[in-house]
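# Secondary and tertiary structure notes
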Amino acid sequence: MKIFPILLILFWVTVIVFPEFLAYLIGWFFIIIWINMLWFSMMFSSKMKKWQDEYIKFGKYKIYR
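Residue positions within a chain follow its written sequence, with the count starting from 1. Local features in this predicted model are restricted to residues whose pLDDT is 70 or higher, and side-chain atom pairs enter the listing and the counts only when it is 80 or higher, whereas totals over whole chains, interfaces and linings include all residues. Water and hydrogen atoms were dropped before computing side-chain values, which therefore reflect all heavy atoms in the structure.

### A few points about the overall build of the protein
Under the scheme used here, helices are H or I runs from DSSP no shorter than 4 residues and strands are E runs no shorter than 2 residues, and both carry numbers assigned from the N terminus. For the protein, the count of helices and strands is two helices and two strands. Relative to its 65 residues, the protein shows a buried fraction of 2%. Of the accessible surface of the protein, which amounts to about 6700 Å², a share of 76% is contributed by carbon and sulfur atoms. Relative accessible area decides the class of each residue, using a 1.4 Å probe on protein chains only: under 20% of the type maximum gives buried, over 50% gives exposed, and in between gives partly exposed. Residue-level accessible areas treat just the shown protein chains as cover; the underlying method is Shrake-Rupley with a 1.4 Å probe.

See below:
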């Protein structure tokens, strides 16, 4: 028997015996998804702000496009 099916069987036996383990897995999954969404939104919002500028700052001067 291969190792992957054995690991799956052990995982599901663990989930059946300890159902709170599944709750922790689902909770951490949603926390990781939320952190990724927050990171992507911060990354894209900073790029969008750069695109919305209609001028280029050069020292103290602003050169409008």
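### Digging into the confidence of the model for the protein
As a per-residue quantity, pLDDT reports the predictor's confidence and falls between 0 and 100. Of the residues in the protein, 86% reach a pLDDT of 70 or more, and the chain-wide mean stands at 86. Per-element confidence in the protein is highest for helix α1 (residues 3-17), whose mean pLDDT is 94, and lowest for strand β1 (residues 55-58), whose mean pLDDT is 78.

### Some details on the packing of aromatic side chains
Working definition: rings of Phe, Tyr and Trp (its six-membered ring) pair if their centres are within 6.5 Å, and the pair is stacked with planes under 30 degrees apart, edge-to-face with planes over 60 apart, and tilted otherwise. Per the counting criterion, the structure on display carries four aromatic pairs. Measuring from centroid to centroid gives 6.2 Å for Phe11 and Phe21, while their planes differ by 65°, and the two rings are edge-to-face. Pair noted here: Phe11 is in helix α1 and Phe21 is in helix α2 (residues 19-52), with a separation of ten residues, a long-range link. Here Phe11 falls in the partly exposed class, since its relative accessible area comes to 29%. Residue Phe21 is classed as partly exposed on the basis of its relative accessible area of 34%. Aromatic side chains Phe29 and Phe30 sit 5.5 Å apart centroid to centroid with 65° between the ring planes, which places their arrangement in the edge-to-face category.

### A word on the pairing of β1
A pair of strands is considered paired only if DSSP assigns at least 2 bridges between the two. Across four bridges, the pairing between β1 and strand β2 (residues 61-64) is antiparallel. Paired with Tyr55 across the two strands is Tyr64, which belongs to β2. Linking β1 back to β2 in an antiparallel pair, the connection comprises two residues, with Gly59 at a positive phi of about 70°.

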